Amino acid sequence: MNEETLDPKDWKAMAALGHRMVDDMVHYLQTVGDRPVWKHAPQEIKSHFTRELPLDPQAPEQVYEEFLEYVLPYPVGNIHPRFWGWVIGTGTVQGAFAEMLAAAMNTNTGGLDHHSANHVESQLIRWFREIFGFPAGASGVLTSGCSAANLIALAVARNAKAEGDLRRQGLQGAKRRMICYGSEEIHSSLQKAVELLGLGSDCLRTVAVNDAFQIDTGKLEEAIAGDRERGFLPFCIIGAAGTTNTGAVDDLQALADISEREGLWFHVDGAFGAWAVLAPGAKEKVRGLERADSLALDLHKWMYMPYEIGCVLVRSEQSHRSTFSLTPAYLAHGEGGQGLTGGDLPWFSDYHFQLSRGFRALKAWMSLKEHGLRKYGRLIEQNIRQASYLGSLVEQEPLLELGAPVTLNVVCFRYVGREGEQTRRAGWTERTEQEEQAVDALNREILVRLQEGGIAVPSGTTIRGRYHLHLAITNHRSRQEDFDLLIREVLRIGEELGVGS
Ligand SMILES: Cc1ncc(COP(=O)(O)O)c(C=O)c1O
């Protein structure tokens, strides 16, 4: 019988290729700062990926060469010391190795018992409970990221606070419209979540923020009262521990108080900001998240772990499990005894909409052990210090203007040019709409030149209607001189563009 396998014919040659890959990647990471942050993939590279389906085999070495030529040179750039766009993490060497180890084991962590991966993940959940001050009985599960974590948390909140049996009847059985609340600065993944959960985006009240970009708690209370008067069912308040746009942290204590008083679920989106608990100088800012009913987090942002990994913690294990647990005959478990399904613990699939899941826990477990939690705290503090340093450079430079106060690791600023400098001296309101639009356009062009020139990668965003360069510093490779360089380059490009000079 001519039976086949995908295992290599020549194991020695495959091992040699693997060693080469490891050597190449370690060198690649070691020298990342010597290359441009980002390089536009040319048309010939894009065309390479429109080729025909490979029906016949190629030597693994040849496939690797193709990767080296067509894939590796055109990354997003987030492993570089001067990448600060959006909120994207940096990754680590050991984290990359852990991904290889996990893939070699190829564990499915959706369930099954008496295998190590589930114990590694359970260990992490216990550690996260401790880090974030959640009680011993709280549940949690690793996710692909914070979008998934937010979705899971809001599903639990919706089911826990619904008046009927939501799993059976869906929202068709709801007697009253269910409403949740968050600031106008909360992340779009939360709107996606309420849409996916069938609540509809109209049910998400986006409350105005104060000057510090935190939810206005007075307006929040008014909105809740208004909805009660209309006969709706307020069910959840979403607090932001670090907004994407400005890094603002809502007054989580106040939100916890209001949630308690009103009998609402309190969810915190702590995608990156929740990790401020590790930084002695910043942990007070996120005080109150330990009172949340659910907390969504990422580890691929401010914990610098390779993509993808997030986590959701839920105070009430019972609410969490009763939202997701479903056990058909072919997945019978939880009956104790022997064998791969013989444990009496719930499976991770009882806490997640996913059944099959990879062994994400390994990279987190290995990374935490390799560096120790204290070092993560120092790195987070380092990023906060760098943000505040960058903020002070902007404030000292008359041609630049900050878009929002720097509270955590996010800095938004723009080049205003000489004209802008004069109007700033005269007062913000004196800049005409036309001048504002010119400043917006100028900053869009500065951003493109920074990126296309491979100099640095901030992203762009709009703060109070005006375009700004946006940096979220979740990068363990950045150094103070990288921020000096950024400012020098923004000023140089701004000057070169000649607007307002
Ligand atoms: C505050 C916040 N929440 C949620 C998310 C979504 O997380 P993810 O990209 O891991 O799905 C992000 C992503 O930037 C974020 O900044």
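A few points on the structure. Worth saying up front: this structure is predicted, and the values here are computed from it rather than measured. (Residues numbered from 1 in each chain as written. Predicted model: local features only at pLDDT ≥ 70, side-chain atom pairs only at ≥ 80, totals over all residues. Heavy atoms only, no water.)

## Considering the overall build of the chain
A tally of regular secondary structure across the chain gives 16 helices and eleven strands. Against the compact-globule benchmark of 23 Å for 501 residues, the chain has a radius of gyration of 25 Å, which places it among compact chains. Here the C-alpha coordinates of the chain stretch approximately 80 × 70 × 45 Å along the principal axes. When burial is assessed residue by residue, the chain has 50% of its 501 residues classed as buried. Restricting to contacts in the chain with at least 6 residues of sequence separation, those with at least 24 account for 74%. Entry remark: accessible area of the chain is about 23600 Å², with carbon and sulfur atoms responsible for 51%. (Helix = DSSP H or I, 4+ residues; strand = E, 2+ residues; numbered from the N terminus. Rg over C-alpha atoms; globule rule 2.2 N^0.38 Å. Buried < 20%, exposed > 50% of the residue type's maximum accessible area, 1.4 Å probe, protein only. Contact = heavy atoms within 4.5 Å. Areas by Shrake-Rupley, 256 points an atom, 1.4 Å probe, with all protein chains shown as cover.)

## A short note on the packing of helix H12 (residues 361-371) against helix H13 (residues 373-396)
Closest axis-to-axis distance for the H12/H13 pair is 6 Å, and the angle between their directions is 85°. Here H12 is positioned roughly perpendicular relative to H13, judged by the angle of their axes. The segment H12 lies against H13, with Ser367, Leu368 and His371 engaging Leu373, Lys375 and Tyr376. (Axes fitted to C-alpha atoms, helices over the stretch in contact; angles between N-to-C directions. Parallel < 35°, antiparallel > 145°, perpendicular 65-115°, else oblique.)

## Things to note about the side chain of asparagine 443
Among the structural elements, asparagine 443 can be located in helix H15 (residues 433-452). Within the structure, the side chain of asparagine 443 is placed 2.8 Å from the backbone nitrogen of tyrosine 415, a separation counted as a polar contact. Ignoring any residue separated from it by four or fewer positions in sequence, one finds asparagine 443 in contact with Arg414, Tyr415, Tyr467 and Leu469. (Polar contact = N/O pair within 3.5 Å; in protein donor to acceptor, adjacent residues only side chain to side chain.)

## A few points about helix H1 (residues 11-30)
Its 20 residues place the ends of H1 28 Å apart at the C-alpha level, agreeing with the 28 Å of an ideal helix rising 1.5 Å per residue. Taken residue by residue, H1 has Leu17, Tyr28 and Leu29 as its buried positions. One face of H1 carries all of its buried residues, which in axial projection span an arc of 100°. Relative to its buried face, H1 has exposed residues pointing more than 90 degrees away, namely Lys12, His19, Asp23 and Gln30. Against the buried residues of H1 lie helix H3 (60-71) and helix H4 (93-105). Two or three places before lysine 12, at the opening of H1, aspartate 10 has a side-chain oxygen 3.1 Å from that residue's backbone nitrogen. (Expected span 1.5 Å × (residues − 1). Arc of directions from axis to C-beta.)

## A few points about empty space enclosed by the protein
If you walk through the whole model with that rule in mind, you get one cavity of 30 Å³ or more. Volume-wise, the largest cavity comes out at about 60 Å³. Taken together, 13 residues make up the lining of the largest cavity; nearest its centre are Ala162, Glu163, Gly164, Leu166 and Ala174. Grouping the constituent residues of the lining of the largest cavity by class yields five nonpolar, four polar and four charged. (1 Å grid on protein atoms, 1.4 Å probe; cavity = no way out; pocket = protein on both sides within 12 Å on 5 of 7 lines; lining within 4 Å. Points joined across faces, edges and corners; volume = space filled by probe spheres on them. Nonpolar A, V, L, I, M, F, W, Y, C, P; charged D, E, K, R; others polar.)

## Some details on the pairing of strand S11 (residues 466-472)
Most of S11 is tucked away, with seven of its seven residues classed as buried. What you see with S11 is no split at all: Arg466, His468, His470 and Ala472 on one side and Tyr467, Leu469 and Leu471 on the other are buried throughout. Looking at chain direction, strand S10 (residues 459-463) and S11 are connected through five bridges and run antiparallel. Bridged to glycine 460 within S11 is leucine 469. (Pairing = 2+ DSSP bridges.)

## A look at the sheet that holds strand S4 (residues 233-240)
Taken in spatial order, the seven strands make up an open sheet running S1-S7-S6-S5-S4-S2-S3, and their pairing is mixed. Lying at the two open borders of the sheet, with one neighbouring strand each, are strand S1 (139-143) and strand S3 (204-207). The mean inter-strand angle of the sheet, taken between neighbouring strand axes irrespective of direction, is 20°. Contacts from helix H8 (residues 188-196) reach strand S2 (178-183), S3, S4 and strand S5 (265-269), with the element oriented near 160° to S3.

## Details of the nonpolar core
Counting 105 residues, the largest nonpolar core has Phe128, Phe132, Trp275 and Leu289 as its most contacted members. Here the element with the most residues in this core is helix H6 (residues 146-161); it accounts for nine residues. Those residues in contact with leucine 289 that sit more than four places away from it in its chain are Phe132, Phe134, Ala241, Leu252, Val268, Ala274, Val277 and Leu295. Within the second largest apolar cluster, 26 residues are counted, among which are Trp84, Leu390, Ile446 and Leu469. (Core = buried A, V, L, I, M, F, W, Y, C linked by side-chain atoms within 4.5 Å.)

## Things to note about helix H9 (residues 217-229)
Here H9 is 13 residues long and its end C-alpha atoms lie 18 Å apart, about the 18 Å a rise of 1.5 Å per residue gives. Leu220, Ile224 and Asp227 are the residues of H9 that are buried. Viewed along the axis of H9, the buried residues span an arc of 65°, placing them on a single side of the element. Of the exposed residues in H9, those oriented more than 90 degrees away from the buried face are Glu222 and Glu229.

## Structural notes on the site of the ligand
Close to the ligand lie 15 residues; Cys146, Ser147, Asp269, Asp298 and His300 are nearest. Between the ligand and the protein, one listed contact pairs a nitrogen atom with a side-chain N or O atom of aspartate 269 at 2.7 Å. Residue lysine 301 places a side-chain N or O atom 3.0 Å away from an oxygen atom belonging to the ligand. Protein chains shield 85% of the accessible area of the ligand, which is 390 Å² for the free molecule. At three residues, the largest contribution of residues to the shell around the ligand is made by H6. A class-by-class count of the residues in the shell around the ligand yields four nonpolar, eight polar and three charged. (Near = heavy atom within 4 Å.)

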